[in-house]
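Listed below are the residues making up each chain.
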Amino acid sequence: MVVVRRYTYEQAAEGIQRTFYQHFSDPVVGWASVPGLLVEPNIKWENVQQREAPAVNAPWMRFQIQHVDGEQDSFGLNGEGSFEARGFVTIQLFYPQDQNGLISARQLAKVLARAFRGKTGVDEYCGIIFRNVRINEVGPEDRWFQINVLANFEYDEEQ
């Protein structure tokens, strides 16, 4: 018997964040696998106020989830039916510009991309599907080199 997993926006956001962080914090393939990176980079999560400015000598990230599209998969009475939600995750990676900054930034960007590439959500969030994972080098700005990692997602929406 096939079980259709449906999620509210809030549940989907939690599932996307958990999927990312489970991979990111893994001691073998996560952030610790990047040579020379000794401290876990600070992550600025949406709607969580940061009290301190980012350290100028350590990488940091901004994690965003954006719903941008959806469609009705089936019809029902009075607006009932099956709906699919789609969007994308953007992780903005800021790495200090120094002798190895660009090399290390690209290595960390690969770690971030592997969190979603070819995967579904973890555990009870396995109904979230990730596609079209890509890395976009933005370039230098002030003290930082910026790389964005983007991943499209889709899931069946709970009404």
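Look a little higher up for the structure.
In this numbering scheme, every chain counts its residues from 1 along its sequence in written order. Residue-level local features of this predicted model are given only where pLDDT is at least 70; pairs of side-chain atoms are given and counted only at 80 or more, and the full residue set underlies all totals for whole chains, interfaces and linings. To get the side-chain values, all heavy atoms of the structure are used, and hydrogens and water are removed first.

1. Digging into the packing of helix 1 (residues 9-24) against helix 2 (residues 101-114)
- For helices, the axis comes from a line fit to the C-alpha atoms of the stretch in contact; other axes are also lines fit to C-alpha atoms, and the angle between any two N-to-C directions lies between 0 and 180 degrees. Comment: elements are numbered from the N terminus, with helices defined as DSSP H or I runs of at least four residues and strands as E runs of at least two. Running from N to C, helix 1 and helix 2 point in directions that differ by 130°, and their axes come no closer than 8 Å. Relative to helix 2, the element helix 1 is oriented oblique. The interaxial crossing formed by helix 1 with helix 2 has right-handed handedness. Contact residues: F20, H23 and F24 in helix 1; L108, V111, L112 and R114 in helix 2.
- Residues are grouped as follows: nonpolar covers Ala, Val, Leu, Ile, Met, Phe, Trp, Tyr, Cys and Pro; charged covers Asp, Glu, Lys and Arg; every other residue, Gly included, is treated as polar. Here the residues of the contact of helix 1 with helix 2 sort into five nonpolar, one polar and one charged. Orientation is classified from the angle alone, with under 35 degrees giving roughly parallel, over 145 giving roughly antiparallel, 65 to 115 giving roughly perpendicular, and any other angle giving oblique. In this scheme, a crossing is called left-handed if the near helix is turned counterclockwise away from the far one by less than a right angle; it is called right-handed if the turn is clockwise. Between two residues, a contact is recorded if the distance between any of their heavy atoms is within 4.5 Å.

2. A look at the environment of W60
- Topologically, W60 is positioned in strand 3 (residues 60-75).
- Placed 33 residues apart in sequence, W60 and L93 show a C-alpha to C-alpha distance of 6.1 Å.
- If near-sequence neighbours (up to four positions away) are discounted, W60 is found in contact with P41, N42, K44, P54, Q92, L93, F94 and W144.

3. Points about the side chain of E157
- Position of E157 among the secondary structure elements: in strand 6 (residues 144-157).
- With residues near it in sequence (within four places) discarded, E157 still touches R6, Y7, Y9, F83 and A85.

4. Describing helix 2
- Residue count minus one, scaled by 1.5 Å, sets the expected span of a helix. Here helix 2 spans 20 Å end to end across 14 residues, near enough to the 20 Å set by a 1.5 Å rise per residue.
- Between buried and exposed lies partly exposed: a residue is buried under 20% and exposed over 50% of the maximum accessible area for its type, with that area taken using a 1.4 Å probe on protein chains only. By the burial criterion, the buried members of helix 2 are G101, S104, A105, L108, A109, V111, L112 and A113.

5. Some thoughts on the nonpolar core
- Residues belong to a common nonpolar core when they are buried Ala, Val, Leu, Ile, Met, Phe, Trp, Tyr or Cys residues joined through side-chain atoms within 4.5 Å. Membership of the largest hydrophobic core comes to 35 residues, with the highest contact counts inside it found for I16, F20, F63, I91, L108, F116 and I128.
- Of all the secondary structure elements, the ones that give two or more residues to this core are helix 1, strand 3, strand 4 (81-96), helix 2, strand 5 (129-141) and strand 6.
- With near-sequence residues (within four places) excluded, I91 lies in contact with F20, M61, R62, F63, L112, F116, I147, N148 and V149.

6. Some thoughts on the pattern of salt bridges
- Here, a salt bridge means any side-chain nitrogen of Lys or Arg that lies within 4 Å of a carboxyl oxygen of Asp or Glu. Here the structure, examined in full by the defined rule, presents five salt bridges.
- Measuring nitrogen to oxygen at the nearest pair gives 3.4 Å for the salt bridge that ties E124 to R18. Linking E124 in the loop between helix 2 and strand 5 with R18 in helix 1, this pair joins segments that are 106 residues apart in sequence.
- Note that R131 and E154 form a salt bridge whose closest N and O atoms lie 3.3 Å from each other. In this pair, R131 sits in strand 5 while E154 sits in strand 6, placing the two residues 23 residues apart along the sequence.
- In this structure, a network of salt bridges that share partners links the residues E14, R18 and E124.

7. Structural notes on the packing of aromatic side chains
- Two rings belonging to Phe, Tyr or Trp (six-membered ring only in the last case) form a pair when the distance between their centres is within 6.5 Å. Interplanar angles under 30 degrees mark stacking, angles over 60 mark edge-to-face geometry, and anything in between is tilted. A complete count under the given rule lists 13 aromatic pairs for this structure.
- A ring pair is formed by Y7 and Y155, whose centres lie 6.2 Å apart and whose planes are at 70°; its orientation type is edge-to-face. In this pair, Y7 sits in strand 1 (residues 6-7) while Y155 sits in strand 6, placing the two residues 148 residues apart along the sequence. For the pair Y7 and Y155, one class covers both residues: buried.
- Aromatic side chains W60 and F94 sit 4.3 Å apart centroid to centroid with 15° between the ring planes, which places their arrangement in the stacked category.

8. A closer look at the environment of K110
- Within the secondary structure, K110 sits in helix 2.
- Expressed as a C-alpha distance, the spacing of K110 and W31, which sit 79 residues apart in the sequence, is 9.9 Å.
- Discounting chain neighbours no more than four positions away, the residues touching K110 are R117 and I135.

9. Some details on the pairing of strand 6
- With respect to burial, strand 6 is a largely interior element, 12 of its 14 residues being buried.
- A pair of strands counts as paired when DSSP detects no fewer than two bridges linking them. As judged from the two bridges shared by strand 1 and strand 6, these two strands associate in the parallel manner. Each bridged residue has a counterpart across the sheet, and for Y7 the counterpart in strand 6 is E157.
- Relative to strand 6, strand 5 is paired through 10 bridges, and the arrangement is antiparallel. Paired with I129 across the strands is E154, a residue of strand 6.
- Counting the residues in the hairpin turn of strand 5 and strand 6 gives two residues, including D142, whose phi is positive at 55°.

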